[in-house]
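# Fold and geometry: a report
Take a look at the letters that make up each chain.
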Amino acid sequence: MTATSAAPAAGWELALEGWRLYAVVAACAFLIYVGALWNGFALDDRAIILQNPHVVARSGLWRVFLESYWRPEVGGHLYRPLPVVTYALDALVDGAPWFHLVNLLWHAAASVAVAALARRLIGVPAGLAAGLIFATHPVHVEAVANVIGRAELMVGLCSVLAVYAALGRQSVAWSTAALALGLLSKENAATIPAIIACGWLVGIGRPPRRKVAAFVAAWAVIGAGYAAARWAVLHHHTGFHEVAPVFSGAGPVPVRLTAIAELGDIARLLIFPLTLRVDYSPAERTLVASPLDGRFLLGLACLAIWGALLGHAWRRRRRVEALGLAWIAIAYLPVANLLFPSGVLVAERTLYAPSIGLALALGAWLARLELQRAALVGGLLALAGAVRSAVRVPVWHDDLSVVLSILEDSPASYRGPQYTAMRLQARRMPEKALEDYLIAFQIFDRDSRVLIGAADAAWTLHRSALADSLMGQARERCGRCEASLRNQAAAALVRGDTAVADSLLNQLQVVETRQNRRFRKISR
C-alpha cells in the first residue's frame with residue numbers, strides 16, 4: 001500500500017471497525033437472498049422435512065440423535081441430527097417462510113464468521129473483502145435457497161469457528177466444540193483438523209507442542225465418539241444412493257478419471273459461476289474412460305494451476321493465501337470422488353465449505369493491492385455475485401420450478417424427464433408419467449429407480465405384464481432395491497393407490513425372500 005493511500009486506508013479501517021464491518025457483511029448476505037422468503041419446499045425438502053415424523057413431533061428434538069438422516073424406509077443413510085433438530089424447532093413456528101428465514105440467518109452468520117477470520121489473520125480490508133465475496137458467491141444459492149441446504153450452512157459456520165478458535169485463539173475447548181457440532185451437522189466436518197493443521201504448517205497461529213498434542217487428543221476423542229454414534233445408528237440400515245449414477249458399474253480408474261475431469265466444473269463454479277445447474281447427472285455429465293479425453297485434460301490443467309498458485313503463495317510466504325487455497329482442496333476432498341465414489345458427481349451445494357477458502361485467498365490478495373484498486377475489484381466481484389445470486393434464488397421456489405430449470409439448463413440429463421414423470425404420477429396422470437419415465441430410461445438405462453417408477457405407472461394403468469417386465473429389469477440393475485421399492489410404495493399410498501402400493505410391497509417381499517434364501521445357502 002502506498003504512502004499516499006495510508007491515511008484514507010486508516011480512515012476506512014476506523015469506519016468499519018468492530019460491529020460495523022460485520023453488520024455490512026450480514027446485511028449483504030441477508031438481502032440478496034431475501035427472495036427465498038417466498039420460496040416453498042422443493043425436492044428432498046419433502047422427504048427430510050415434510051414427511052419426517054421427528055420434525056413434526058416435539059420428541060424429535062432428542063430422538064433424532066438415535067435416527068438416520070434419511071428415514072429407514074428410504075434407505076436410512078447418513079447421520080446428521082443437528083439440522084433435523086433445527087427443522088423441528090422451525091416446525092414449532094411453521095410455514096416455509098420461517099424455514100427459509102432461518103437459512104438466511106445461518107448464511108449471514110457464516111459470512112460474518114468468514115469476515116472475522118480474515119480480519120483476525122490479516123486486517124479490516126481483508127475481512128470486509130472476504131466476507132462480502134463469501135456472502136455473495138452465486139455457488140451458494142442451492143445451499144441457501146433450498147431448505148435442506150442448511151446442513152452445508154451449519155458445517156460451513158462450524159468450520160470457520162473451529163479454525164478461528166484454533167488459529168486465532170489457540171483454544172482447544174472452543175475449537176473442539178465447533179468440530180463436534182460440525183460433525184453432527186454433516187460428515188465433511190471431518191476435514192476441520194486437516195485445515196487447522198495446514199494453517200499451522202504455513203505458519204499461522206501454531207501453538208506449543210503440548211497444546212498441539214492436546215488438540216490432537218481432543219480430535220481423537222471427538223472423532224471416536226462420533227464414529228461410534230454413527231455406527232450404532234446406521235449399521236443396521238440398507239443405505240441408499242451409495243454412488244453417483246454415472247459411476248454405476250464403473251471401475252476405479254474411470255471413476256478417478258471422471259472425478260479429475262469434473263475439476264473443470266469445480267474451477268468454473270468457484271471462479272466464474274455465471275452458468276448454474278440444479279443437476280449434473282447422466283447424460284449431462286458422462287463417464288470419462290480415457291486419460292486422453294479432453295475433459296480429463298482440462299480437469300488436470302485446473303489441478304495443475306491450483307498447485308502452481310499454492311506453491312507460489314507458499315514460496316512468497318503469503319500464509320493466508322496458501323491456507324485459503326489449501327482449504328478449497330481439503331474441504332472438497334470428501335465429495336471429490338477421488339478417495340471413494342460419493343453419492344453425487346457435482347453438486348453446487350457441496351462447494352459452500354470449499355468456497356470459504358476461496359474467499360480467504362481473495363481477501364488476502366485484495367488486501368495487498370492499492371486501496372482504490374482493491375475497492376474497485378472487490379466491489380465489482382461482490383456486485384456481480386449479488387446480482388447473479390438474487391436472480392437464481394427463485395429457481396428453488398418449488399418442485400415445478402426446479403424441474404423446469406433442469407429441463408432448460410441440463411437438457412441431456414435423464415433427471416428432467418424422471419422428475420417430470422414423478423410430478424405427473426403424483427397428479428394421477430400415469431399415462432404421461434410412463435412416457436416420461438421411458439424417455440428417462442432411454443437417456444440413461446442404469447438407474448433402477450426410473451424403472452421402478454415406470455412400473456408404478458404401469459400398475460396404475462393395469463398393465464401388469466409391462467410392470468412385471470420393468471421390475472425384472474430393475475432387479476438386474478440394483479440387485480435388491482429394498483429402499484427404492486419402499487419409497488415408491490410410500491408415494492403410491494400418498495396418492496391413494498393402495499393396490500399399486502401393495503404390488504410394490506409384494507415385490508419387496510419377493511426380493512427379501514430371495515435374499516434370505518441366498519443367506520441361508522451361504523450360512524450352510
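The structure under discussion appears in the preceding block.
Residues numbered from 1 in each chain as written. Predicted model: local features only at pLDDT ≥ 70, side-chain atom pairs only at ≥ 80, totals over all residues. Heavy atoms only, no water.

## Some thoughts on the overall build of the protein
The helix and strand inventory of the protein stands at 26 helices and zero strands. Taking 24 Å as the expected radius of gyration for a compact globule of 524 residues, we find that the protein reaches 24 Å, a close match to that expectation. Put simply, the protein has 524 residues, and 53% of those count as buried. Within the protein, contacts between residues separated by at least 24 positions form 74% of all contacts whose residues are at least 6 apart in sequence. Looking at the protein as shown, the accessible area adds up to about 23000 Å², and 64% of this sits on carbon and sulfur atoms. Positive and negative charge centroids in the protein, built from 50 and 36 side chains respectively, lie 9 Å apart. (Helix = DSSP H or I, 4+ residues; strand = E, 2+ residues; numbered from the N terminus. Rg over C-alpha atoms; globule rule 2.2 N^0.38 Å. Buried < 20%, exposed > 50% of the residue type's maximum accessible area, 1.4 Å probe, protein only. Contact = heavy atoms within 4.5 Å. Areas by Shrake-Rupley, 256 points an atom, 1.4 Å probe, with all protein chains shown as cover. Lys, Arg positive; Asp, Glu negative; His and termini not counted. Charge placed at Lys NZ, Arg CZ, Asp CG, Glu CD.)

## What to know about the packing of helix 20 (residues 399-409) against helix 21 (residues 415-426)
The interhelical angle for the contact between helix 20 and helix 21, taken along N-to-C directions, is 150°, at an axis separation of 8 Å. Relative to helix 21, helix 20 is oriented roughly antiparallel. Both helix 20 and helix 21 take part in a crossing whose hand is left-handed. Two secondary-structure elements touch here, helix 20 through Asp399, Leu400, Val403, Ile406 and Leu407 and helix 21 through Arg415, Gly416, Pro417, Tyr419, Thr420 and Arg423. Of the residues in the contact of helix 20 with helix 21, the class split is six nonpolar, two polar and three charged. (Axes fitted to C-alpha atoms, helices over the stretch in contact; angles between N-to-C directions. Parallel < 35°, antiparallel > 145°, perpendicular 65-115°, else oblique. Left-handed = near helix turned anticlockwise from the far one by under 90°. Nonpolar A, V, L, I, M, F, W, Y, C, P; charged D, E, K, R; others polar.)

## Structural notes on the nonpolar core
With 95 residues, the main nonpolar core has Ile196 and Trp327 as its most contacted residues. Residues contacting Trp327, with those up to four places away along its chain left out, are Leu117, Ser159, Val160, Val163, Ile195, Ala353, Ile356, Gly357 and Leu360. Ala433, Ala454, Ala458 and Trp459 belong to the second largest nonpolar core, which has 29 residues in total. (Core = buried A, V, L, I, M, F, W, Y, C linked by side-chain atoms within 4.5 Å.)

## Remarks on the side chain of Glu284
Looking at where Glu284 falls in the secondary structure, it is placed in the loop between helix 15 (263-271) and helix 16 (294-315). Residue classification places Glu284 among the buried positions, given a relative accessible area of 16%. In this structure the side chain of Glu284 is engaged in a polar contact, spanning 3.1 Å, whose partner is the backbone nitrogen of Ala412. Not counting the four nearest positions on each side in its chain, Glu284 is found in contact with Arg277, Asp279, Ser410, Pro411, Ala412 and Ser413. (Polar contact = N/O pair within 3.5 Å; in protein donor to acceptor, adjacent residues only side chain to side chain.)

## What about the environment of Leu31?
Looking at where Leu31 falls in the secondary structure, it is placed in helix 2 (residues 19-31). Look at Leu31 and you get exposed, because its relative accessible area is 56%. Note: C-alpha distance between Leu31 and Ala197 (166 residues apart in sequence) is 35 Å.

## Some remarks on the side chain of Glu262
Locating Glu262 in the fold gives a position in the loop between helix 14 (252-261) and helix 15. In this structure Glu262 comes out as buried when scored by relative accessible area, which is 5%. Each residue touching Glu262, except ones within four places of it in the same chain, is listed here: Arg285, Leu345 and Val346.

## Quick word on the pattern of salt bridges
Here the structure, examined in full by the defined rule, presents 20 salt bridges. The shortest N-O distance in the salt bridge between Arg285 and Asp265 comes to 2.7 Å. You can see Arg285 sitting in the loop between helix 15 and helix 16 and its partner Asp265 sitting in helix 15, a full 20 residues away along the chain. Using a relative accessible area of 14% as the deciding quantity, one classes Arg285 as buried. By relative accessible area, which is 10% here, Asp265 ends up buried. Through salt bridges that share partners, Glu262, Asp265, Arg268, Arg277, Glu284 and Arg285 make up one connected network. (Salt bridge = Lys/Arg side-chain N within 4 Å of Asp/Glu carboxyl O.)

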